[in-house]
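# Structural overview
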Amino acid sequence: MSFAFTSRLPLSRQAVDRDHEARATPDLLDRLWADASTRVLALHRGSALMSPTGGPARLRLLAPDRVPGAELRLYLGRSLAPEESEPVGTRLVAAVLSDDAAAALEPDPARWASLRTVATALTDRDAGLLTETLGVVNWHGSHSHCPRCGTATLLETAGWTRRCPSCGGQVFPRTDPAVIVLITDADDRILLGSNALWENNRYSLLAGFVEPGESLEAAVIREMFEESGLRVTDPVYLGSQPWPFPASIMFGFTASLADGQPASGLLPDGEEILDLRWFSRDELRAAGDSIILPGRSSIARAIIEHWMGEPLDFGPDEVHGWR
């Protein structure tokens, strides 16, 4: 894994001390809310409040008394990077707002932005902060009730745990691992596929979730065969990027066609993958806007450009799906 590759992963950047020991402090969120030096990230329907335009994209972090009542609060940690008026060590809290509270705070929808659209423009701290927030907030949205007995769960440890008041069980944030793979053939071409949910000319790397009891490398071999009909070998790990849409982490790999496996033996599954194409570097450069590549915030884009040895100057900033 090289720094040159991992530095291309917008959502893997971090400049926040998550300060996990502080989460168990009694009434931590109420204490932070009463502290004027705390800064709050306001979130509404998955979008964060942004600073006014005219400079680099920045989250607009507010003093607690500027934020209307929150539906959910989450302690994010301490800033490790100075950002405008927020010194190193600033305590950071996320607040999820209702429709009415968000409209009261900032009625202009253009001032609210999704991580997909601003990931590549944010600073390291802000990109990591918003990625962390979305991952935990999305987990809360799907774990409001105990998986054992169905009782409504209660928030604990500053938003990082949910406890069942009936059976006492605890639930912690979950992340679903997935592999995403750049396959090369004997001519050093790469395989790209078109997903059934995308436009016909949108192509990306093949990917899939890791199953229980399965290693990442085994998942690479299984998923590539399921989606393309090709047998691959020699999985090599490149790096990882969280993908909180809603709760994944993508593990990037390269793999090669297995000995005796013809590159022409493509068998898209017909359900998830509708089309598969091999591309050389020259063919990908020449394709231009005739195909839509993964967005710049995705690990798929970073892997493709890593293989190309250069950035590609076409393709969307926003990425749809998980790759």
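Here the structure is a predicted model, which is why all the values come from computation and not from measurement.

### Here we look at the pairing of strand 11 (residues 176-184)
The element strand 11 is largely enclosed, with a buried count of seven among its nine residues. Examined bridge by bridge, strand 11 and strand 15 (residues 248-257) share nine bridges and lie parallel to one another. Paired with Val 179 across the two strands is Phe 251, which belongs to strand 15. Of the strand pairs in this sheet, strand 11 and strand 13 (residues 206-209) are connected by four bridges, and their pairing is antiparallel. If you follow Val 181 over to strand 13, its bridge partner there is Leu 206.

### Considerations on the packing of aromatic side chains
Under the defined criterion, the tally for this structure stands at four aromatic pairs. Seen in terms of ring centroids, Tyr 237 and Phe 251 are 6.4 Å apart; in terms of plane orientation they differ by 45 degrees. Their pairing is tilted. Remark: Phe 251 occurs in strand 15 and Tyr 237 occurs in strand 14 (residues 232-243); sequence separation between them is 14 residues. A relative accessible area of 16% means that Phe 251 is categorised as buried.

### Looking at unusual backbone geometry
At the junction of Phe 245 and Pro 246, the peptide bond is cis and its omega measures out at 10 degrees in the coordinates. Inspection of the secondary structure puts Pro 246 in the loop between strand 14 and strand 15. The backbone of Thr 157 shows a phi angle near 40 degrees, a positive value even though the residue is not glycine. Relative to the assigned elements, Thr 157 resides in the loop between strand 8 (154-156) and strand 9 (161-163). Its relative accessible area of 30% is what places Thr 157 among the partly exposed residues.

### Here's the deal with the pattern of salt bridges
Applying the stated rule across the entire model yields 20 salt bridges. The partner of Arg 222 in a salt bridge is Glu 211, with the nearest N and O atoms 3.6 Å apart. With Arg 222 in helix 6 (residues 216-228) and Glu 211 in the loop between strand 13 and helix 6, this residue pair connects regions lying 11 residues apart in the sequence. Since its relative accessible area comes to 16%, Arg 222 is described here as buried. For Glu 211, a relative accessible area of 43% gives the class partly exposed. Between Arg 301 and Glu 305 there is a salt bridge whose closest N-O contact spans 2.9 Å. Here the residue Arg 301 and the residue Glu 305 both occupy positions in helix 8 (residues 299-308), the gap between them amounting to four residues, near one helical turn.

What counts, and at which threshold
- Within every chain, residues take consecutive numbers counted from 1 along the sequence as written.
- The model is predicted, so local features are restricted to residues of pLDDT at least 70 and side-chain atom pairs to those at 80 or more, both for listing and for counting; the totals for chains, interfaces and linings are taken over all residues.
- Side-chain numbers here rest on the full set of heavy atoms in the structure, without hydrogens or water.
- Summary of the burial criterion: residues with accessible area below 20% of their type's maximum are buried, those above 50% are exposed, and those between are partly exposed, where the area comes from a 1.4 Å probe applied to protein chains only.
- Labels follow the DSSP assignment, with helices taken as runs of H or I lasting at least four residues and strands as runs of E lasting at least two, numbered in each case from the N terminus.
- The pairing criterion for strands is at least two bridges between them, as found by DSSP.
- Pairs were defined over the aromatic rings of Phe, Tyr and Trp, the Trp ring being its six-membered one, requiring ring centres within 6.5 Å. Orientation was assigned from the angle between planes: stacked under 30 degrees, edge-to-face over 60, tilted for the rest.
- Criterion for a salt bridge: a side-chain nitrogen of Lys or Arg within 4 Å of a carboxyl oxygen of Asp or Glu.

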